[in-house]
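# Secondary and tertiary structure notes
Spelled out from the first residue to the last, the chains are:
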Amino acid sequence: MTNRIKDAFDKKQKNLLNIYFTAGYPRLHDTVPILKALSAAGADLIEIGMPFSDPLADGPVIQQSSTVALANGMNLRVLFEQLRGIRQDVPETPILLMGYLNPVMQFGVDNFCREAAAAGADGIILPDLPLDDYVEQYQDIFRRHNLRPVFLITPQTAPERIRRIDELTDSFLYLVSGPGTTGGANTQAEGVQEAYFQRIEAMHLRNPRLIGFGISDRASFQRACQYAEGAIIGSALIRALDGVDDAPAAASQFVSSVLK
Amino acid sequence: MIPTYQQPTERGYYGQFGGAFIPEMLYPNVEELRQQYLDILADPGFQQEYQQLLRDYVGRPTPLFEAKRLSAKYNTRIYLKREDLCHTGAHKVNNTVGQILLAKRLGKTRIIAETGAGQHGVATATVCALMGMQCIVYMGEVDMERQKPNVYRMRLLGAEVRAAMSGSRTLKDATNEAIRDWISNPVDTHYIIGSVVGPHPYPDLVARLQAVISEEMRKQLLAKTGSELPQYVVACVGGGSNAAGAFYHFLEEPSVQLVAVEAAGHGVHSGHSAATSVLGTPGIIHGSRTLLMQDEDGQITEPYSISAGLDYPGIGPLHAFLADSKRARFISIEDEAALKAVAECSRLEGIIPALETAHALAALDQLGAGPDDVVVINLSGRGDKDLETYIKYADAIM
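Going by the annotation in an unreviewed UniProt entry, the name recorded for chain B is Tryptophan synthase beta chain, with Hymenobacter metallilatus given as the source organism. Here is the UniProt Pathway (unreviewed entry) comment for chain B, exactly as written: "Amino-acid biosynthesis; L-tryptophan biosynthesis; L-tryptophan from chorismate: step 5/5." On record in UniProt, under Subunit (unreviewed entry), the comment for chain B is "Tetramer of two alpha and two beta chains."

Where an unreviewed UniProt entry is consulted, chain A appears under the name Tryptophan synthase alpha chain, with the organism given as Hymenobacter metallilatus. Taken directly from UniProt, the Catalytic activity (unreviewed entry) text for chain A runs: "(1S,2R)-1-C-(indol-3-yl)glycerol 3-phosphate + L-serine = D-glyceraldehyde 3-phosphate + L-tryptophan + H2O". The record held by UniProt for chain A lists under Function (unreviewed entry) the comment "The alpha subunit is responsible for the aldol cleavage of indoleglycerol phosphate to indole and glyceraldehyde 3-phosphate."

Listed below in structure tokens is the structure:
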């Protein structure tokens, strides 16, 4: 079955830019205007963060944006409502929903997948969803709605587990650049990160790879693209939206600053 | 293998509760622990070192004390398991002694911990000093304020105390920060969780390390009452580590009534409470599927209790299972009743209990225990750390 994520990687093999932003931030109704702005400015994939009260894998910037979004009244019902009809305006850019398992579980995984697919989403990233639970309980539901899961890989992920993850999806692999939560700086000794990226590259996996965590600007984006099909930026965009009057314009400007 | 109350399944489930819902960044560490903890705990060398430290350093076995004046007041036979006499003043050290030995065997050199009331932080800082290991303790900013003496104790012991500034700035947020630290330091660091919470194998690991409490109770009860089995075992529950330890060797003894006492704060339905078994629904917190306080969108809500050790929005998965299966009876106690129990225990028995423990004592009049029944209360900690609170609420207490 065709899927916009696959199409994006078929169309473009290098330098794909995947941008993350938090739904309902900085204002509740910024979600769709920011999404359109990111797509128009040239983002190749877009991750919409579903805010959670206790985002364990996230650093202070995304935590803060989640707190603001929740205070603004964002929740899954509101998000799906906002996204209704989005595919008329943003027909091609893949949209992934990223968040934590608990809000999805409370919504009901089946309901969630149905609503996500209806809203035009193509992939789901739930970092705290165990692989075994995915396979045993959710894989069929995801497939039924043509939603692709995306799983994370870290420098500590064992090779056999990487192979298993590679088998479980048809989208891309999310390579976490190093130890740390989102938005942190790269503090690894020189060469350590490169060795890790090259080790993964040498595995010749089925799925393309996007590098995330700690990618923040044009320089770090280009550097990451040397080792993978592209990279993911989140916290740096959120920072660029902080305190601005026109969030979609700021989002657009940010993408331009990375790409041009 | 048939899962029991004592033994979760291979994936860490007690009934529908437990598991390991963790981001990939934590997987290698948690998996390493899962694969090795049972072997390490069973290793004779580990056991020898652990038992020796429990005896010579912690001061075990702790006494089982017949509380005659409390017994007279409640017209039943009350025994207090004196965990408050452990080194550092609470049961928490049973777990940290075990986990520091485990961390050494895993080759870890850096220790992190979360703390609410500060007792687990102090117990962790203590064993880190003993073993010469680096120690970082995360503590909510609010808790740092209300448990100041413990902050100074940790610093005196050489630990670094880092303030958790997110959310309600209490135990839940300190746990989030500790987990984020572990994500950032995946190779050299062991996370000593202080309660029977978190991803598998932590709930089982901590329960096993605290099980010494009920192991001793059985022997002491036999000597003092002629039977290893009491009619009631009562313990307070935040995350639930002292309760897990006090219940452990009675879990498969259906004649023993297990009573878990939660903090009702200003009242269970006041909006300012931590009575998770009443207010909670199944969900995921800190890597475990358990009962937790959350809104209809699955956002975790802020708990409240006067006691910094009980205001956690979840309970350990074992306790969720005990509540769900009705193996344990759950009672909730409001702030004011807990404060009154502090005064009562102090004046009738000459023992000033911790605020957490006072919740268990405050449940005495709800048990329905008869004159011949034996009631064991796990006196999980002493009240020194709460003196400032006791002074502040002197009018309510006296």
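## Some points on the overall build of chain B
Looking only at helices and strands, chain B features 17 helices and 14 strands. In summary, chain B has a C-alpha radius of gyration of 19 Å against a globular reference of 21 Å for 398 residues, a match within 12%. Taken along the three principal axes of its C-alpha coordinates, chain B extends 55 × 45 × 40 Å. In chain B, the proportion of contacts linking residues at least 24 apart, taken out of those at least 6 apart, comes to 73%. Roughly 13,600 Å² of accessible area belongs to chain B as shown, and the carbon and sulfur atoms make up 51% of that amount. Positive and negative side-chain charges of chain B, numbering 36 and 46 respectively, have mean locations separated by a distance of 4 Å.

## Comments concerning the UniProt feature "active site" (unreviewed entry) in chain A
The positions UniProt marks with the feature "active site" (unreviewed entry) are Glu47 and Asp58 of chain A. By the secondary structure assignment, Glu47 of chain A is in strand E2 (residues 45-49). Contacts of Glu47 of chain A, omitting those with residues within four sequence positions, involve Asn18, Ile19, Tyr20, Phe21, Leu96, Met98, Ile125, Phe172, Tyr174 and Ile232 of chain A. Side chain to side chain, Glu47 of chain A and Asn18 of chain A meet in a polar contact 2.9 Å long. Mapped onto the elements, Asp58 of chain A comes out in the loop between E2 and helix H3 (60-71). Aside from chain neighbours lying at most four places away, what touches Asp58 of chain A is Gln63, Tyr100, Thr181 and Thr182 of chain A together with Arg180 of chain B.

## Notes on the interface of chain B and chain A
Of the residues lining the interface, 31 residues belong to chain B; the matching set on chain A comes to 34 residues. Between chain B and chain A lies a buried interface of about 2,700 Å² when both sides are counted; carbon and sulfur atoms form 53% of it. In this structure, the salt-bridge partner of Glu136 of chain A is Arg11 of chain B, at a minimum N-O distance of 2.6 Å. At the boundary of chain B with chain A, the tally comes to 19 residue pairs in polar contact (both at pLDDT 80 or more). Examining the composition of the side of chain B that touches chain A, we find that 7 residues originate from one element, helix H8 (residues 171-184) of chain B, more than from any other. Per-class residue counts for the side of chain B that touches chain A are 15 nonpolar, 8 polar and 8 charged.

## Topic: the nonpolar core
Counting 158 residues, the largest nonpolar core has Leu38, Ile48, Leu97, Phe112, Phe172 and Tyr174 of chain A as its most contacted members. When residues of this core are assigned to domains, at least three map to each of domain 1 (13-54 + 92-206) and domain 2 (59-89 + 211-397) of chain B. Ignoring any residue separated from it by four or fewer positions in sequence, one finds Tyr174 of chain A in contact with Glu47, Met98, Ile125, Val150, Phe151, Leu152, Ile153, Leu210, Gly212, Phe213 and Ile232 of chain A. In terms of nonpolar packing, the next biggest core, distinct from the first, is built from 37 residues, Ile306, Ala362, Leu364 and Leu379 of chain B among them.

## Brief notes about the UniProt feature "domain: Tryptophan synthase beta chain-like PALP" (unreviewed entry) in chain B
According to UniProt, the positions carrying the feature "domain: Tryptophan synthase beta chain-like PALP" (unreviewed entry) are residues 59-381 of chain B. Within the segment residues 59-381 of chain B, helix and strand shares are 40% and 21% respectively, and the terminal C-alpha atoms sit 14 Å apart.

## Brief notes about the packing of helix H8 (residues 131-144) of chain A against helix H9 (residues 159-168) of chain A
Residue and element names in this part refer to chain A. Look at H8 against H9: their axes get within 11 Å of each other, and the N-to-C directions meet at 20 degrees. Classified by the interaxial angle, the pair formed by H8 and H9 is roughly parallel. The chirality of how H8 crosses H9 is left-handed. Of H9, the residues touching H8 (which contributes Leu131, Asp132, Tyr134, Val135 and Gln139) are Arg161, Arg164, Ile165 and Leu168. Across the contact of H8 with H9, the residue classes tally to 5 nonpolar, 1 polar and 3 charged.

## Describing the sheet that holds strand E5 (residues 110-115) of chain B
Residues and elements named next belong to chain B. Read from one edge to the other, the open sheet built from 4 strands follows the order E7-E6-E5-E8, with strand pairing classed as parallel. Looking at the sheet topology across the chains shown, the edges are occupied by strand E7 (160-164) and strand E8 (189-191). Neighbouring strand axes in the sheet, compared pairwise and without regard to direction, differ in orientation by 25 degrees on average. As judged from the 3 bridges shared by E5 and E8, these two strands associate in the parallel manner. From the neighbouring strand, Ile112 faces E8, where its bridge partner is Tyr191. Across the sheet, helix H5 (residues 119-131) is in contact with E5 and strand E6 (134-140); its angle to E5 comes to roughly 165 degrees.

## Topic: the sheet that holds strand E1 (residues 16-22) of chain A
Residue and element names in this part refer to chain A. Spatial strand order, E5-E4-E3-E2-E1-E9-E8-E7-E6: 9 strands in an open sheet with parallel pairing. Here the strands that pair on one side only, and so sit at the sheet edges, are strand E5 (148-149) and strand E6 (152-153). Relative to strand E4 (residues 123-125), strand E3 (residues 95-98) runs parallel, the two being bridged by 3 bridges. Each bridged residue has a counterpart across the sheet, and for Leu97 the counterpart in E4 is Ile124.

## Considering the UniProt feature "modified residue: N6-(pyridoxal phosphate)lysine" (unreviewed entry) in chain B
All names here are of chain B. This chain's UniProt record puts "modified residue: N6-(pyridoxal phosphate)lysine" (unreviewed entry) on Lys92. Looking at the element boundaries, Lys92 is found in helix H4 (residues 92-105). Those residues in contact with Lys92 that sit more than four places away from it in its chain are Gln119, His120, Ala123, Gly194, Ser195, Gln210 and Ser241.

Conventions adopted
Residues numbered from 1 in each chain as written. Chains lettered and ligands numbered in written order. Predicted model: local features only at pLDDT ≥ 70, side-chain atom pairs only at ≥ 80, totals over all residues. Heavy atoms only, no water. UniProt positions renumbered as here; feature names shortened; annotations may be inferred. Helix = DSSP H or I, 4+ residues; strand = E, 2+ residues; numbered from the N terminus. Rg over C-alpha atoms; globule rule 2.2 N^0.38 Å. Contact = heavy atoms within 4.5 Å. Areas by Shrake-Rupley, 256 points an atom, 1.4 Å probe, with all protein chains shown as cover. Lys, Arg positive; Asp, Glu negative; His and termini not counted. Charge placed at Lys NZ, Arg CZ, Asp CG, Glu CD. Polar contact = N/O pair within 3.5 Å; in protein donor to acceptor, adjacent residues only side chain to side chain. Buried area = accessible area lost by both parts, 1.4 Å probe. Salt bridge = Lys/Arg side-chain N within 4 Å of Asp/Glu carboxyl O. Nonpolar A, V, L, I, M, F, W, Y, C, P; charged D, E, K, R; others polar. Core = buried A, V, L, I, M, F, W, Y, C linked by side-chain atoms within 4.5 Å. Buried < 20%, exposed > 50% of the residue type's maximum accessible area, 1.4 Å probe, protein only. Domains from an automatic or database assignment. Axes fitted to C-alpha atoms, helices over the stretch in contact; angles between N-to-C directions. Parallel < 35°, antiparallel > 145°, perpendicular 65-115°, else oblique. Left-handed = near helix turned anticlockwise from the far one by under 90°. Pairing = 2+ DSSP bridges.

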